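Given next are the chains, with one letter for each unit.
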Amino acid sequence: MMKLSVLSLALAAVAAPAVAVVGMDAKSGGAANTGIASGDFTRAPLNPALLTKFKDSDDLYLRLGAGVLAKEYEDALDQVDATQDAIDAFEAKIDAMDPANPPTQADADALIKELQALDDTTLVGEANVDFGVYVPSKSLGFGVTIGGYVVANGDFNYDDADGQLVNDALTSGVFDPDNLKSEGIAHAVAVSELALSFAHQANLPRVGDIAFGLAAKYQRFDSYLYTANINNYDNDDYFDDQYMNDKTAFNMDLGIYKPYGNWSFALVARNLIKQSIKNIDGDKVSLDPTVAGAVAWSQGMFTGTMELDLIEDESFVVEGDAPQLLLARQYARAGMEVDFSHLQLRAGYQTDLSGNYGDLLTVGLGISPWDTISLDLAGQFGDDDERGAMLQLGVKL
């Protein structure tokens, strides 16, 4: 019998070694994943140029963060549980062949209905964990980030032949769930990263202060594709070598940060070198370059920001008719933070200009006594049971 099914995909996301979603830190997550212009050196993974933005008392920041974002997980898990129960119940009746309670056409129809419902069962998820050390400076700020990210998709397909198999069992008295043709598919790509970030602030004629940042990244890509009969689907097999391909590569991010009075502006280009990997079936997925721009305004304890993806992101869009990971997207985001010195409240809104993903509302809370130890929490809420949660611990010296 299939165990955990769609849930195994979510567990796989957090069980994969050294994975994290870039930009999914709790500070930015509470403000709709913004921060390339409104953040400071503690958010250098979003924009390496931010290593030049700090207070005079800041010397070092250490952070450890984790997060997960999943869509349609409640409906998916409910449907998988219902299908498992229906298979068990029908198999038990066939095996028993109790004259007082024989299997009926209604029993067969109930199982077929649950199997057919698998066609509408999917789960899309991301998960993260990362660790970073950042030393700010106007002349040469630097940082180290160990992390990466994983995107995963669980999908189930109904096979019409299963209807005949179930109906035949009523007359033959034989039902072997291993002969079901309906299947479960788990598809994921994990990108592990070691990033070295550097930044320098210059004073240019007619421009004034402007910061430039570079993040050089060593990346490892792991592509997973696991397909199994619905009765034999086993999450323990998910990371077997036979279902995985991997490769390593070099990449880089570039960032610009420009302060101007209460305003700040930023431009970030990530993953400038396009990288691709094929899964075990030969289907190719790529990590494409992206470019985002942002403007932020601060006054007193309030900061507001708007960010826009300047090009459509087609990373992890599978070529051909193979099971998809992600669809093309181009996000516009608006976020805000109110800083009460030892307490920060955040909120934001994200929308996909490509129309492939629903809107996302976010909220966040930061606790930072004496601006030394910090705990940041974020929640994200969208359509189709899309829910996200993030946590980040930090120490500033």
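Residues numbered from 1 in each chain as written. Predicted model: local features only at pLDDT ≥ 70, side-chain atom pairs only at ≥ 80, totals over all residues. Heavy atoms only, no water.

**Things to note about the overall build of the chain**
Here comes step 1: Within the chain, the secondary structure is distributed over five helices and 16 strands.
Here comes step 2: Projected onto its principal axes, the C-alpha coordinates of the chain cover approximately 90 × 40 × 35 Å.
Here comes step 3: Per-residue burial over the chain gives 51% buried out of 397 residues.
Here comes step 4: Expressed as a percentage of contacts within the chain between residues at least 6 apart in sequence, the contacts between residues at least 24 apart total 67%.
Here comes step 5: Surface exposure of the chain reaches about 17300 Å², of which carbon and sulfur atoms provide 58%.
Here comes step 6: Positive and negative charge centroids in the chain, built from 25 and 60 side chains respectively, lie 14 Å apart. (Helix = DSSP H or I, 4+ residues; strand = E, 2+ residues; numbered from the N terminus. Buried < 20%, exposed > 50% of the residue type's maximum accessible area, 1.4 Å probe, protein only. Contact = heavy atoms within 4.5 Å. Areas by Shrake-Rupley, 256 points an atom, 1.4 Å probe, with all protein chains shown as cover. Lys, Arg positive; Asp, Glu negative; His and termini not counted. Charge placed at Lys NZ, Arg CZ, Asp CG, Glu CD.)

**Points about the confidence of the model for the chain**
Here comes step 1: In the predicted model, the chain carries a mean pLDDT of 88, and the fraction of residues at 70 or more is 92%.
Here comes step 2: pLDDT under 50 marks residues 1-23. Its contacts with residues more than four places away, or in other chains, come to 76 contacts. (pLDDT = per-residue confidence, 0-100.)

**Topic: the pairing of strand β1 (residues 61-71)**
Here comes step 1: In terms of strand pairing, β1 meets strand β2 (residues 122-135) through 11 bridges, oriented antiparallel. Looking at β2, one finds that Leu-62 is bridged to Val-133.
Here comes step 2: Relative to strand β16 (residues 387-396), β1 is paired through 10 bridges, and the arrangement is antiparallel. Bridging across to β16, Ala-66 finds its partner in Leu-391. (Pairing = 2+ DSSP bridges.)

**What to know about the nonpolar core**
Here comes step 1: Counting residues in hydrophobic clusters, the biggest one holds 17 residues, and the most contacted among them are Phe-90, Leu-111, Leu-115, Val-166, Phe-175 and Leu-180.
Here comes step 2: For this core, the elements supplying multiple residues, two or more each, are α3 (73-96), α4 (105-117) and α5 (161-172).
Here comes step 3: It is α3 that provides the largest number of residues to this core, a total of five residues. (Core = buried A, V, L, I, M, F, W, Y, C linked by side-chain atoms within 4.5 Å.)

**Brief notes about the layout of surface pockets**
Here comes step 1: Space inside the largest pocket adds up to approximately 970 Å³.
Here comes step 2: Lining of the largest pocket is provided by 47 residues; of these, Ser-38, Asp-40, Lys-53, Glu-337 and Asp-339 occupy positions nearest its centre.
Here comes step 3: At the level of elements, β6 (244-260), β7 (263-270), β10 (290-299), β11 (302-309), β12 (331-339), β13 (343-352) and β15 (373-382) are the ones that each hand at least two residues to the lining of the largest pocket.
Here comes step 4: Residue classes in the lining of the largest pocket are distributed as 13 nonpolar, 20 polar and 14 charged. (1 Å grid on protein atoms, 1.4 Å probe; cavity = no way out; pocket = protein on both sides within 12 Å on 5 of 7 lines; lining within 4 Å. Points joined across faces, edges and corners; volume = space filled by probe spheres on them. Nonpolar A, V, L, I, M, F, W, Y, C, P; charged D, E, K, R; others polar.)

**Structural notes on the side chain of Thr-303**
Here comes step 1: Mapped onto the fold, Thr-303 is located in strand β11.
Here comes step 2: A distance of 3.0 Å separates a polar atom in the side chain of Thr-303 from a polar atom in the side chain of Ser-298.
Here comes step 3: Residues in contact with Thr-303, not counting those within four places in the same chain, are Ser-38, Trp-297, Ser-298, Gly-335, Met-336 and Glu-337. (Polar contact = N/O pair within 3.5 Å; in protein donor to acceptor, adjacent residues only side chain to side chain.)

**A closer look at the pattern of salt bridges**
Here comes step 1: For the structure shown, the criterion picks out 15 salt bridges.
Here comes step 2: The residue Asp-371 makes a salt bridge to Lys-55 at a minimum N-O spacing of 3.3 Å. Taken as a pair, Asp-371 in the loop between β14 (360-367) and β15 and Lys-55 in the loop between α2 (26-29) and β1 lie far apart in primary sequence, 316 residues in all.
Here comes step 3: The exposure class assigned to Asp-371 is partly exposed, which follows from its relative accessible area of 26%. (Salt bridge = Lys/Arg side-chain N within 4 Å of Asp/Glu carboxyl O.)

**Considerations on α4**
Here comes step 1: Given a rise of 1.5 Å per residue, 13 residues ought to cover 18 Å, and the 18 Å separating the end C-alpha atoms of α4 matches this to within 8%.
Here comes step 2: The set of residues buried in α4 consists of Ala-108, Leu-111, Ile-112 and Leu-115. Summarising the axial view, the buried residues of α4 lie within an arc of 100 degrees, below the 170-degree limit, and thus occupy one face. Turned more than 90 degrees away from the buried face of α4 sit Ala-106 and Lys-113, all of them exposed. (Expected span 1.5 Å × (residues − 1). Arc of directions from axis to C-beta.)

**Describing α5**
Here comes step 1: Helix length check: α5, at 12 residues, gives a terminal C-alpha distance of 16 Å against a target of 16 Å (1.5 Å per residue), a fit within 8%.
Here comes step 2: Listed in full, the buried residues belonging to α5 are Asp-162, Gly-163, Val-166 and Ala-169. Each buried residue of α5 sits inside an arc of 120 degrees when the element is viewed along its axis, so together they form one side.
Here comes step 3: Following α5 by one or two positions, Gly-173 has its phi on the positive side, about 75 degrees.

**A short note on the environment of Phe-316**
Here comes step 1: Position of Phe-316 among the secondary structure elements: in the loop between β11 and β12.
Here comes step 2: Residue Phe-316 is classed as buried on the basis of its relative accessible area of 4%.
Here comes step 3: C-alpha separation for the pair Phe-316 and Arg-333, spaced 17 residues apart in sequence, amounts to 21 Å.
Here comes step 4: Apart from the residues lying within four places of it in its own chain, the contact partners of Phe-316 are Tyr-149, Val-151, Val-189, Val-191, Val-285, Ser-286, Leu-287, Gln-324, Leu-325, Leu-326 and Arg-329.

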